[in-house]
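# Structural characterization, general
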Amino acid sequence: MSGSAHAAPRLSAGAILLIELALALGGFAIGTSEFSIMGLMPNVAQDLGVSEPQVGHVISSYALGVVVGAPILAMLGSRLLRKHLLLLLMGVFAIGNLASALAPDYLSLLVFRFFAGLPHGAYFGVAMLVAASMAAPHKRAKAVSRVLMGLSVAILVGNPLATWLGQSASWRFAFALVSVIALATVAMIALLLPLDRSEVRSSPISELRAFNRAPIWLALGIGSIGFAGMFCVFSYMAPTLLEVTRVSPGMIPVAMAVFGVGCILGNMAGGWLFDRLRFKSVAWILLWSALVLLVLPTASQSIWTMLPAILALGTIAALSPALQTHLMDVATGAQTLAAASNHAAFNIANALGPWLGGLAISAGFGWTSTGYIGAATAVAGLLVFVWAWQVQKAETAA
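The rules behind each value
Residues numbered from 1 in each chain as written. Predicted model: local features only at pLDDT ≥ 70, side-chain atom pairs only at ≥ 80, totals over all residues. Heavy atoms only, no water. Helix = DSSP H or I, 4+ residues; strand = E, 2+ residues; numbered from the N terminus. Rg over C-alpha atoms; globule rule 2.2 N^0.38 Å. Buried < 20%, exposed > 50% of the residue type's maximum accessible area, 1.4 Å probe, protein only. Contact = heavy atoms within 4.5 Å. Areas by Shrake-Rupley, 256 points an atom, 1.4 Å probe, with all protein chains shown as cover. Lys, Arg positive; Asp, Glu negative; His and termini not counted. Charge placed at Lys NZ, Arg CZ, Asp CG, Glu CD. Expected span 1.5 Å × (residues − 1). Axes fitted to C-alpha atoms, helices over the stretch in contact; angles between N-to-C directions. Parallel < 35°, antiparallel > 145°, perpendicular 65-115°, else oblique. Nonpolar A, V, L, I, M, F, W, Y, C, P; charged D, E, K, R; others polar. Domains from an automatic or database assignment. Buried area = accessible area lost by both parts, 1.4 Å probe. Polar contact = N/O pair within 3.5 Å; in protein donor to acceptor, adjacent residues only side chain to side chain. Core = buried A, V, L, I, M, F, W, Y, C linked by side-chain atoms within 4.5 Å.

Per the secondary structure count, the protein chain includes 17 helices and 0 strands. Against the compact-globule benchmark of 21 Å for 398 residues, the protein chain has a radius of gyration of 20 Å, which places it among compact chains. Along the three orthogonal principal directions, the C-alpha set of the protein chain runs to about 55 × 50 × 35 Å. Expressed as a percentage of its 398 residues, the buried residues of the protein chain come to 57%. Sequence separation of at least 24 residues holds for 84% of the intrachain contacts in the protein chain that already meet a minimum separation of 6. Accessible surface, the protein chain: about 15,900 Å² in total, of which carbon and sulfur atoms supply 72%. Side chains of the protein chain give 19 positive and 12 negative charges; the mean places of these two sets differ by 11 Å.

Let's shift gears to helix H12 (residues 251–277). Counted at 1.5 Å a residue, the expected span for H12 with its 27 residues is 39 Å, and the 38 Å between its end C-alpha atoms agrees. Residue Arg278 follows H12 closely and has a positive phi angle near 55°.

Our focus in this paragraph is the packing of H12 against helix H15 (residues 319–330). Remark: H12 packs on H15, axes separated minimally by 8 Å, with the N-to-C direction vectors making an angle of 40°. Taken together, H12 and H15 sit at an angle that is classed as oblique. In this structure, H12 contributes Asn267, Gly270, Gly271 and Phe274 to the contact, and H15 contributes Pro321, Ala322, Thr325, His326 and Asp329. Of the residues contributing to the contact of H12 with H15, the split by class is 3 nonpolar, 5 polar and 1 charged.

We now examine the domain arrangement of the protein chain. Here the domain parsing of the protein chain yields domain 1 (12–194) and domain 2 (209–397). Contacts between the two partners involve 31 residues from domain 1 and, on the opposite side, 32 residues from domain 2. With both sides pooled, the region where domain 1 packs onto domain 2 buries about 2,600 Å², and carbon together with sulfur makes up 71% of that total. Every element with two or more residues in the side of domain 1 that touches domain 2 is listed here: helix H3 (52–76), helix H5 (106–133) and helix H6 (140–168). The leading source of residues in the side of domain 1 that touches domain 2 is H6, at 11 residues. A per-class count over the side of domain 1 that touches domain 2 returns 20 nonpolar, 6 polar and 5 charged.

We now examine the environment of Tyr123. Position of Tyr123 among the secondary structure elements: in helix H5. Put simply, Tyr123 and Leu165 are 42 residues apart on the chain and 26 Å apart in space, counted from C-alpha to C-alpha. For Tyr123, the side chain forms a polar contact with the main-chain oxygen of Leu23, separated by 2.8 Å.

What follows is about the nonpolar core. One finds Leu23, Leu86, Phe93, Tyr123, Met128 and Ile216 to be the most contacted residues of the largest nonpolar core, which totals 57 residues. No other element matches the 11 residues that H5 contributes to this core. Counting contributing residues, this core receives three or more from each of domain 1 (12–194) and domain 2 (209–397). Dropping the residues within four chain positions of it, Phe93 is found in contact with Ala29, Ile30, Ser33, Tyr62, Ala116, Pro119, Val178 and Ala182.

Positive phi, close to 65°, is recorded for Arg246, a residue that is not glycine. Tracing the sequence through the fold places Arg246 in the loop between helix H11 (237–245) and H12. In the Ramachandran plot, Arg278 falls in the positive-phi region, its phi being about 55° despite a non-glycine side chain. The class of Arg278 is partly exposed, set by a relative accessible area of 32%.

This is how it looks when you write it as C-alpha cells:
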C-alpha cells in the first residue's frame, strides 16, 4: 500500500464511517444506473421505437464505457489529489445520467450511456484506495468491502426502486434519480473527506510503467475469467425461473432480492477472508464459486431449492473485495490504475459470461447449461490463480 497507508490524516472512527458511507453512496448510484435498465428494457424500447435487443446494445455501450474509461481516467487523474479526482468522476457520472434521462433518441442514448460508464471503474478504484488508507493494515479488506456494499445494496434496493419508478412514470426518471444520488455523493465527499496534500502522486507514464507487471495482469485475468460464471447465470436467471423452475413472473423480483442479499453477504465474507488468508482467499472463493454453479442446474427444478442456490450465487461477489485488495498489494507505483482496472476486468466478465451462456443455450443445451458453463469459467479462473501464485512465490524468493 505504498503511498496510501499513511496518506489520510488521523480521523475518528465516526468520521471514517461517514466517509465510507459517502463513498458507498456513490457505489449505490453506479450500481443502480448499471443494472436498472435491464428491468426497464421493454419501457425504453417502446418509448424510443426500437427493439429490445437494440436496448441490449445500450447496456453494452455502458459496459464498454467502463472498460475504456477505467484505465484512461485513472492514468489521467493520477496527478490529482484523490478527493479532487473523486469529485470530478462523480460529477461526470451525474452529468452522464442526466443526459441519459434527457436523451431525445436511441443513438443519443447510446452515446450518453457510454459517457456515463467512463468514470465507473476509476471512481471505484480511487474510492477503494481512500477506504484502505483510513483503515489499519489488517482491516483494509473489510474497509474495501464496506464501500463495495453500496453496489450490493443497489442490487437489493436501488434496482427494484428504479424499475418501479420507471414503470410507474418513465424510464427517464430512473436515470434522473441516479443523477440526484450522484450529486448527493459529490456534496458528501466535499464536506466529509479531508483534503490531504501530502498524498504521494505519480505521473501517467510512471503508473503505466509500474502497471505492466505479471502479478497485476494475472490478478485482472482472474477477475475477467473467474467472475464470468456469476454473470453467466445471473443474466439468464429470469427465463430459467420461468421456463425451468416454472414460477410466476411475480417471483422474479423476489429472486433478484435474494440475489442482492447474497451479494451483501459475499462482500462482507470476501473482506473478512482476505484479511485472514490474504491471496489464498481468492482460491477458496473460486472453489466455492465452482461448487455453487455446479449445483444450480439441479437446484433449478424447485423454487425451494432455487432460492437458496440464488442466495449462494450472490455470495460469489466475495471475489470483488478480495481481488481489489490484492491488487493494492501488488500494484506498487500503479495503485490507482490497477484498482480502476479491476472494475474493467469485472465488466469483461459481465460480457464474457452472458456470451458463453448464450452460445450454450443457442446450441440447444437448455437454460440450466449456464451453471455448467459458469463452473467451467470458475475453474479456469482457479488455473489463472495457480499461475499467479507461482509468480508471487518466485518474486518473493527473488
